[in-house]
Amino acid sequence: MNRPMVPQAVPLLDLAAQNGPLREEVLAAIARVVDSGAFIMGPEVEGFERELAQSLGVKHALGVSSGTDALLVALMALGVGPGDDVVTTPFSFFATAGVVSRLGARPVFVDIERDTFNLAPAAAAAACGPRTKAIIPVHLFGRPATLPMTTVPIIEDSAQSIGSTPLAGRAGCLSFFPSKNLGAFGDAGAVYADDDAFADRVRLLRTHGGRPKYVHHAVGGNFRLDAVQAAVLRVKLPRLAGWTAARRKNADRYRGLLASASGLPAELVIPTDVPAHIYNQFVVRAPRRDDLRAFLTKSGIATEVYYPLPFHQQPCFRELGYADGAFPEAEAAAREALALPIYPEISPAQQEWVVSRIAAFYAGGAA
Ligand SMILES: *Cc1c(COP(=O)(O)O)cnc(C)c1O
């Protein structure tokens, strides 16, 4: 490749670049909520839910307070509680397993596939027993997971994969945390489903099980989506497809640059493309990962380790009784995975800089 251009800072994510052009539209949307006084539920939330359901190709999309609460209320809608097992991956954001324990159920971990970082589907199906109430596969980093073939209800953790593949499980859960492909201006999430009864149960549980108000059929929670967040998300949703296309293009550019960079170790594994991968993160497996990360930081390049500690090694899950070494692929991923900046607005020059610094690191750290 060409000589590296002028060193430049490369953040992991540049929200100002994304939000700047939307500023007037977003402020107008927020003003609409302020003027209406409808801060809880109301037309903005309903409008967003309608537009989101349409974009996902599902019957029901229900706005909730966060991606975590989307998973929590989805499991509540399945009746998950004490004595139940939920099969899931040991390698994800904490919420995926945390919600299971919060309901008094037991997370049962099954190792990931080496090539995809996702829950191994056949092993997940095989791990189901009479107490298994649900399986939660995660479409990690935006790459669709193959779902297990089973009659056990599947809740898809789509927090990082909005719109990548059609809903195939009982329900899907989205996060609009600002770093996700569709980010709100704060916490927000959604549950989506085709099943009318399931969606109705979520709808009931998200407002303390009250129907009508103050008559409670079930113990739910306050899992509502803010009207202000809904209004912001309505401005951003129509842009999502364009942002996703930009992420995919950026991933292709990284692949091209990395393929033509010289001196990279064979053990540096680049994500192969699958058409539905939407690259919430572009995660490589890197030998000497922590040294590489420190080197890139010194070069002004932000990276992140998703995730440094698998669930079975988390202090709070030690009581589940899994040994170190129980999930070798998850443990290897925790040692080797490194997320490079892949946000839609990153420039080709910035990506060239990232790759040239990776090459410099493996070449021996030359200036
Ligand atoms: C972000 C995320 C969540 C939780 O979403 P929040 O909106 O932060 O509560 C759950 N699962 C995965 C895989 C995530 O990436």
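Residues numbered from 1 in each chain as written. Predicted model: local features only at pLDDT ≥ 70, side-chain atom pairs only at ≥ 80, totals over all residues. Heavy atoms only, no water.

**Section: the domain arrangement of the chain**
Often, the extent of an interface is quoted as the loss of accessible area upon association of its parts.
Right, so step 1: In terms of domains, the chain is made up of domain 1 (18–238) and domain 2 (240–362).
Right, so step 2: The straight-line distance from the C-alpha centre of domain 1 to that of domain 2 is 25 Å.
Right, so step 3: Across the contact, 38 residues belong to domain 1 and 34 residues belong to domain 2.
Right, so step 4: For the pair domain 1 and domain 2, the two sides together bury roughly 3200 Å², of which 64% comes from carbon and sulfur.
Right, so step 5: The largest per-residue losses of area from domain 1 upon contact with domain 2 belong to R114, F141 and N181, which jointly make up 23% of the total buried on that side.
Right, so step 6: Our enumeration of links across domain 1 and domain 2 arrives at two salt bridges.
Right, so step 7: The partner of R114 in a salt bridge is E329, and the shortest N-O contact between them spans 2.9 Å. (Domains from an automatic or database assignment. Contact = heavy atoms within 4.5 Å. Buried area = accessible area lost by both parts, 1.4 Å probe. Salt bridge = Lys/Arg side-chain N within 4 Å of Asp/Glu carboxyl O.)

**Quick word on the packing of helix 2 (residues 23–36) against helix 8 (residues 227–236)**
Packed helices, taken two at a time, are described by the angle their axes make and the gap between the axes.
Right, so step 1: Look at helix 2 against helix 8: their axes get within 9 Å of each other, and the N-to-C directions meet at 145°. Viewed along their axes, helix 2 and helix 8 form a crossing whose handedness is right-handed. For the pair helix 2 and helix 8, the contacting residues are E25, V26, A29, I30, R32 and V33 in the first and A227, V228, A231, V232, R234 and V235 in the second.
Right, so step 2: Within the contact of helix 2 with helix 8, the residues separate by chemical class into nine nonpolar, no polar and three charged. (Axes fitted to C-alpha atoms, helices over the stretch in contact; angles between N-to-C directions. Helix = DSSP H or I, 4+ residues; strand = E, 2+ residues; numbered from the N terminus. Left-handed = near helix turned anticlockwise from the far one by under 90°. Nonpolar A, V, L, I, M, F, W, Y, C, P; charged D, E, K, R; others polar.)

**What to know about the site of the ligand**
Right, so step 1: The ligand sits among 15 residues. The nearest are T68, D157, Q160, S175 and K180.
Right, so step 2: Between T68 and the ligand, the recorded distance is 2.5 Å, taken from a side-chain N or O atom to an oxygen atom.
Right, so step 3: Within the complex, 94% of the 380 Å² of free accessible area of the ligand lies under protein.
Right, so step 4: The biggest single contributor to the shell around the ligand is helix 4 (residues 67–77), with three residues.
Right, so step 5: Classifying every residue of the shell around the ligand gives six nonpolar, seven polar and two charged. (Near = heavy atom within 4 Å. Polar contact = N/O pair within 3.5 Å; in protein donor to acceptor, adjacent residues only side chain to side chain. Areas by Shrake-Rupley, 256 points an atom, 1.4 Å probe, with all protein chains shown as cover.)

**A look at the environment of I135**
Right, so step 1: Within the secondary structure, I135 sits in strand 4 (residues 132–136).
Right, so step 2: For I135, a relative accessible area of 0% puts it in the buried group.
Right, so step 3: What I135 contacts, discounting residues up to four positions off in sequence, is V87, L119, A124, C128, P148, T150, V152, P153, I154 and I155. (Buried < 20%, exposed > 50% of the residue type's maximum accessible area, 1.4 Å probe, protein only.)

**So, the packing of aromatic side chains**
Right, so step 1: Taken as a whole, this structure holds 18 aromatic pairs when the rule is applied.
Right, so step 2: When the ring of F48 is compared with that of F176, the centres are 5.6 Å apart and the planes differ by 75°; the resulting orientation is edge-to-face. On the criterion of sequence distance, the pair formed by F48 in helix 3 (residues 43–56) and F176 in the loop between strand 6 (171–175) and strand 7 (189–193) is long-range, its members being 128 residues apart.
Right, so step 3: Measuring from ring centre to ring centre gives 5.5 Å for F94 and F317, while their planes differ by 20°; the resulting arrangement is stacked. Separated by 223 residues along the polypeptide, F94 in the loop between strand 2 (85–88) and helix 5 (95–102) and F317 in the loop between helix 10 (289–298) and helix 11 (328–336) bring together distant segments of the chain.
Right, so step 4: For F94, a relative accessible area of 37% corresponds to the partly exposed category. (Phe/Tyr/Trp six-rings, centres within 6.5 Å; stacked < 30°, edge-to-face > 60°.)

**Some words on helix 3**
Right, so step 1: The end-to-end C-alpha distance of helix 3, which contains 14 residues, comes to 20 Å, matching closely the 20 Å that a straight helix rising 1.5 Å per residue would cover.
Right, so step 2: Among all positions of helix 3, only E44, V45, G47, F48, E49, L52, A53 and L56 are buried.
Right, so step 3: As for helix 3, its buried residues are in contact with helix 2, strand 1 (60–64), strand 6, strand 7, helix 7 (196–205) and helix 8.
Right, so step 4: Two residues or fewer after helix 3 comes G57, characterised by a positive phi angle close to 70°. (Expected span 1.5 Å × (residues − 1).)

**So, the pairing of strand 6**
Right, so step 1: The buried count for strand 6 comes to five of five residues, which makes it a mostly enclosed element.
Right, so step 2: Across three bridges, the pairing between strand 5 (residues 155–157) and strand 6 is parallel. Within strand 6, the residue paired with I155 across the bridge is A171.
Right, so step 3: Bridge count for strand 6 against strand 7 is four bridges, and the pairing is antiparallel. Bridged to C173 within strand 7 is V191. (Pairing = 2+ DSSP bridges.)

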